[in-house]
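Descriptive analysis of the structure
Here is how the chains run, residue by residue.
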Amino acid sequence: MNGIATVDNSSNLAALERRLAQLETATAPDDPPAEGPATVSVIGLRARARR
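A brief report on the enclosed structure follows. Per chain, residues are indexed from 1 in the order of the written sequence. Local features in this predicted model are restricted to residues of pLDDT 70 or higher, and side-chain atom pairs are both shown and tallied only at a pLDDT of 80 or more, whereas totals for entire chains, interfaces and linings draw on every residue. Calculated side-chain values reflect all of the structure's heavy atoms, with hydrogen atoms and water omitted.

1. Examining the overall build of the protein
- Scanning the protein from N- to C-terminus turns up one helix and zero strands.
- Classification of residues uses two cut-offs on accessible area relative to the type maximum, computed with a 1.4 Å probe and protein chains only: under 20% is buried, over 50% is exposed, and between them is partly exposed. When the 51 residues of the protein are sorted by exposure, 0% land in the buried category.
- The accessible surface values rely on the Shrake-Rupley method and a 1.4 Å probe; as for residues, cover is taken only from the protein chains in view. When the accessible surface of the protein is split by element, carbon and sulfur atoms take 54% of a total near 5,800 Å². A run of H or I in DSSP counts as a helix once it spans at least four residues, and a run of E counts as a strand once it spans at least two, with each numbered from the N terminus.

Below, the structure written as structure tokens:
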């Protein structure tokens with residue numbers, strides 16, 4: 001048969017595996033750090049004067 005081509009995707013697979021490993025170790029921006037102390041923010045609210 002003429003015109004058959006083979007494509008080696010092993011480098012693509014290796015790059016995908018590296019990227020997945022990076023994603024597994026990354027911390028989401030909205031996740032608090034596991035080692036850090038718990039931080040609580042308090043905002044005092046005041047009622048607006050009524051007319």
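2. Quick word on a nonpolar patch on the surface
- Patch membership needs two things, relative accessible area over 30% and no salt bridge, and members are linked within 9 Å if like-charged or within 5 Å if nonpolar (Val, Leu, Ile, Met, Phe, Trp, Tyr). Put simply, a salt bridge is a Lys or Arg side-chain nitrogen that is within 4 Å of an Asp or Glu carboxyl oxygen. Taken together, Leu13, Leu16, Leu20 and Leu23 make up a surface patch of nonpolar side chains, about 380 Å² in accessible area.
- Looking at where Leu23 falls in the secondary structure, it is placed in helix H1 (residues 10–25).

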